[in-house]
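Structural features, examined
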Amino acid sequence: MELTVLALSFTLLLIIGVPVAFSIGLASVATILAAGLPVAVVFQKMVGGMQIFSFLAIPFFVFAGELMLYGGIAERIVRFANSLVGHVRGGLGMSNVIGCTLFGGVAGSPLADVSAIGSVMIPLMKKEGYDADYAVNVTTHAALVGAIMPTSHNMIIFTLATSGIASVSVLSLILAGLVPAILLTLCNLGAAYYVAVKRGYPTRGAFPGWGEVMRAFGASLPGLLVVVIILVGILSGAFTATESASIAVAWALFITAVVYRTMSWKNFMTACAKACKTTGVVLLLIGISNAFGYFMALYEVPQLTGELMKSISSEPWVIFFMINVLLFILGTFLDMAATILICTPIFMPIAMQFGMDPVQFGIVMLINCALGLNTPPVGSVQFVGCAIGGISVGQVMRSILPFYSALGICLLLVTYVPAFSMWLPNLITK
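Not measured: the values here are computed from a predicted model.

As for empty space enclosed by the protein
According to the stated counting rule, one finds two cavities of 30 Å³ or more in the structure shown. In this model, the largest cavity occupies a volume close to 40 Å³. Here the residues of the lining of the largest cavity are counted per class, giving nine nonpolar, no polar and no charged. Here the second largest cavity defines a volume of roughly 30 Å³. Lining the second largest cavity are Phe320, Ile323, Asn324, Ala351, Met356, Phe361, Val364 and Thr415.

Considerations on unusual backbone geometry
Even without a glycine there, the phi angle at Arg261 is positive, about 55°. Locating Arg261 in the fold gives a position in the loop between α12 (241-259) and α13 (265-298). Classification of Arg261 by relative accessible area gives exposed; the value is 71%.

A word on the pattern of salt bridges
One pass over the structure, following the stated rule, counts four salt bridges. Two residues, Arg199 and Asp131, come together in a salt bridge whose shortest N-O distance is 3.0 Å. Taken together, the residues Arg199 in helix α10 (residues 170-199) and Asp131 in the loop between α7 (110-127) and α8 (132-143) connect sequence positions 68 residues apart. Overall, the relative accessible area of 33% leaves Arg199 in the partly exposed class. Between Arg199 and Asp133 there is a salt bridge, with its nearest N and O atoms 2.9 Å apart. Within this pair, whereas Arg199 is found in helix α10, its partner Asp133 is found in helix α8, the two being separated by 66 residues in sequence. Its relative accessible area of 13% is what places Asp133 among the buried residues. Taken together, the shared-partner salt bridges in this structure form one network comprising Arg79, Glu212 and Arg215.

Looking at the UniProt feature "transmembrane region" (unreviewed entry) in the chain
When the UniProt feature table is mapped onto this chain numbering, "transmembrane region" (unreviewed entry) sits at residues 50-70, 181-197, 217-239, 245-263, 275-297, 317-342, 379-396 and 403-424. Within residues 317-342, the helical portion is 85% and the strand portion 0%, while the C-alpha atoms at the span's ends are 23 Å from each other. As annotated, residues 403-424 comprises 91% helix and 0% strand, and the C-alpha atoms at either end are separated by 27 Å.

Remarks on the environment of Phe347
Following the sequence through the fold, Phe347 ends up in helix α16 (residues 336-353). Relative accessible area serves as the criterion here: at 4%, Phe347 is assigned to the buried category. Linking Phe347 and Ala30, residues 317 residues apart in sequence, is a C-alpha distance of 24 Å. Not counting residues within four places of it along the chain, the set of residues in contact with Phe347 comprises Thr305, Met309, Ile323, Leu326, Leu327, Leu330 and Phe361.

The rules we used
Residues numbered from 1 in each chain as written. Predicted model: local features only at pLDDT ≥ 70, side-chain atom pairs only at ≥ 80, totals over all residues. Heavy atoms only, no water. 1 Å grid on protein atoms, 1.4 Å probe; cavity = no way out; pocket = protein on both sides within 12 Å on 5 of 7 lines; lining within 4 Å. Points joined across faces, edges and corners; volume = space filled by probe spheres on them. Nonpolar A, V, L, I, M, F, W, Y, C, P; charged D, E, K, R; others polar. Helix = DSSP H or I, 4+ residues; strand = E, 2+ residues; numbered from the N terminus. Buried < 20%, exposed > 50% of the residue type's maximum accessible area, 1.4 Å probe, protein only. Salt bridge = Lys/Arg side-chain N within 4 Å of Asp/Glu carboxyl O. UniProt positions renumbered as here; feature names shortened; annotations may be inferred. Contact = heavy atoms within 4.5 Å.

Here you go:
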């Protein structure tokens, strides 16, 4: 009965529009009342879930991303991307993809990525004659790469969600995301080029020459170095993964305030305010989801889900496909952090039982969650892109198939070919 109360109350609260964090918390309270246990258990689990030293990386990574968003780094990255591929057919679309990938690497947030690059590229693409739906689809899908880049705070959340299930290091997850990030970018470039050719978009001038490319690269290099600093610092043992987040903040402040001199006091305060708000939401979700996870473990939800899946098929490829479908569906209704915290304890033991490495599952989880950010009804990345492009979600969804297909191909490759995510961690950490 308690499990039924948990599932029904959570689903009902989501349907009537209650925010995810409060839906999780109220469902937990309803369950504990039904079980006749002290309500204080919920709050003990909430507080205990947030009192972990590794969580310090989350506010620092979020703050670093906001500083880079408001510090003028995006414009320099866009210029570099344009110098590389702006001259080919649909060049602005391909520049958009590369710009989003590079900025996603330094910001680590799909939402910050679409806000920064989208505000520059979407109006420019419309001005140059590109359709608004194409501009928005290119931007929102390319921005999803930020979810699996080294500065992504969602990687930290995933490693914490695996506590008690398997040992997943932040370094292994960071390394595992690099090759899939390149693969995802190549798939996005292919989709952008395919649609550009199909619609007959024009080329945009001639190749400016390697001299201009190197000048644009030099201008963007200080901002891009944050990824290199994090990877080299962790691999060399100079600092831990948690400490690397504070290094990212210090570097972002130095670059935007001293090197570029584009960080105004107003933008700095805006970055601080947005980072505080995002951190508060994420930590609230973590604390409440810890209580929610306690009940799922208590009532053996992972075991029951695994038995249900095995009753359908015992083939690993079928199990992995079902996990992907369920994660994608849940990701369209839940925020990325909530999906990771709720679904990891359920699906990771099942994936491990059928031979998937926990690190590989982490990348599969993050890609699925990222796809959910670009799909209604939650779809925060898509909503931001549509707002910038001045177009409705319905219009964008009508032409989304080539871009969805590209990301779907990447997801299937990462799911069924372990080498895409495991080759680099195995090479470096062993």
